[in-house]
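Read off the chains here:
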Amino acid sequence: YRTRMTHTLEVARIARTITRALNLNEDLSEAIALGHDLGHTPFGHAGEDALSQVLGKPFRHNEQSLRVVDILEKGQGLNLSHEVRLGILGHTGEYVPETLEGQIVRKSDQIAYINHDIDDAMRAGILTNDDIPRPIAHVLGETHKDRINTLVTNTISHTIRTGELSMDP
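Owing to the predicted nature of the structure, the values given are computational and were not obtained by experimental measurement.

Student: Account for the overall build of the protein, with residues named and values stated.
Tutor: A tally of helices and strands in the protein yields 8 helices and 0 strands. Counting helices and strands in the order they occur from the N terminus, the protein gives α-α-α-α-α-α-α-α. Relative to its length of 169 residues, the protein is compact, with a C-alpha radius of gyration of 17 Å against a globular reference of 15 Å. Each of the three principal axes of the protein carries a C-alpha extent, and together these read 50 × 40 × 25 Å. Within the protein, buried positions represent 43% of all 169 residues. Long-range contacts, defined as pairs at least 24 residues apart, comprise 56% of the intrachain contacts of the protein with a sequence gap of at least 6. Counting only carbon and sulfur atoms, one obtains 56% of the accessible surface of the protein, whose full area is about 9,600 Å². Averaged over its 17 positive side-chain charges, the protein has a centre that lies 2 Å from the centre of its 24 negative ones.

Next up, the structure:
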């Protein structure tokens, strides 16, 4: 099953692959990806819900991730660039990062978590390959690796062709 660490490394790998193919700054995308989920609570989104109730306002892990790198780490924060900081903040939620590298991490996070949710559900016996509709499996692939590869190559080809960071429908 995925952990925050394995998820983060997968997001970084996907982001570097897309960024490299688009001839953008791989180091920037990797720095954003490595910091993007630092603010997650124990117990994932259930922990966020519990903290939201205690705080009386929404707890957002992306805002906490920024707080970790700005304040909490080493008691003084990490001297990160504006682009890395705002990429971390914008990996989810309403704010969209101003750099393409930050937007790529946002897309890479989606690619990773959708696919490893499927993979983890299969490993847990909740889903089987037969539960995935055949037309979807035919397009995306039968394995985790195939699905990731399909979505990454689709994102790269669509972005090169149209200039818009997105996937073909």
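Student: Summarise the environment of Thr-41; cite the residues concerned and give the values.
Tutor: Mapping Thr-41 onto the fold places it in the loop between α2 (26-35) and α3 (44-55). For Thr-41, a relative accessible area of 10% puts it in the buried group. In this structure Thr-41 touches Gly-47, Glu-48, Leu-51 and Phe-59, once residues within four positions along its chain are discounted. Side-chain polar atoms of Thr-41 contact the backbone nitrogen of Glu-48, separated by 3.3 Å.

Student: Give me the pattern of salt bridges: which residues, what numbers.
Tutor: The tally for this structure, following the rule as stated, stands at 12 salt bridges. In this structure, Arg-2 engages Asp-119 in a salt bridge whose closest nitrogen and oxygen atoms are separated by 3.0 Å. Taken together, the positions of Arg-2 in the segment before α1 (4-21) and Asp-119 in helix α6 (residues 100-123) put the pair 117 residues apart, joining distant regions of the chain. Under the relative-accessibility criterion, Arg-2 is labelled partly exposed at 22%.

Student: So what's going on with a nonpolar patch on the surface? Which residues, and what values?
Tutor: Residues Met-5, Leu-9 and Leu-34 make up a contiguous nonpolar surface patch of about 300 Å² in total accessible area. Secondary-structure assignment places Leu-9 in helix α1.

Student: Tell me about the packing of helix α4 (residues 61-72) against helix α5 (residues 82-89), residues and numbers included.
Tutor: For the pair α4 and α5, the least separation of the axes is 8 Å and the interaxial angle reads 150°. By the angle class used here, α4 and α5 are roughly antiparallel. Note on element contacts: α5 touches α4 through Arg-85, Ile-88 and Leu-89, opposite Asn-62, Glu-63, Ser-65, Leu-66, Val-69 and Asp-70. Its residues assigned to classes, the contact of α4 with α5 comprises 4 nonpolar, 2 polar and 3 charged.

Rules behind the numbers
Residues numbered from 1 in each chain as written. Predicted model: local features only at pLDDT ≥ 70, side-chain atom pairs only at ≥ 80, totals over all residues. Heavy atoms only, no water. Helix = DSSP H or I, 4+ residues; strand = E, 2+ residues; numbered from the N terminus. Rg over C-alpha atoms; globule rule 2.2 N^0.38 Å. Buried < 20%, exposed > 50% of the residue type's maximum accessible area, 1.4 Å probe, protein only. Contact = heavy atoms within 4.5 Å. Areas by Shrake-Rupley, 256 points an atom, 1.4 Å probe, with all protein chains shown as cover. Lys, Arg positive; Asp, Glu negative; His and termini not counted. Charge placed at Lys NZ, Arg CZ, Asp CG, Glu CD. Polar contact = N/O pair within 3.5 Å; in protein donor to acceptor, adjacent residues only side chain to side chain. Salt bridge = Lys/Arg side-chain N within 4 Å of Asp/Glu carboxyl O. Patch = residues over 30% accessible without salt bridge, like charges linked within 9 Å, V, L, I, M, F, W, Y side chains within 5 Å. Axes fitted to C-alpha atoms, helices over the stretch in contact; angles between N-to-C directions. Parallel < 35°, antiparallel > 145°, perpendicular 65-115°, else oblique. Nonpolar A, V, L, I, M, F, W, Y, C, P; charged D, E, K, R; others polar.

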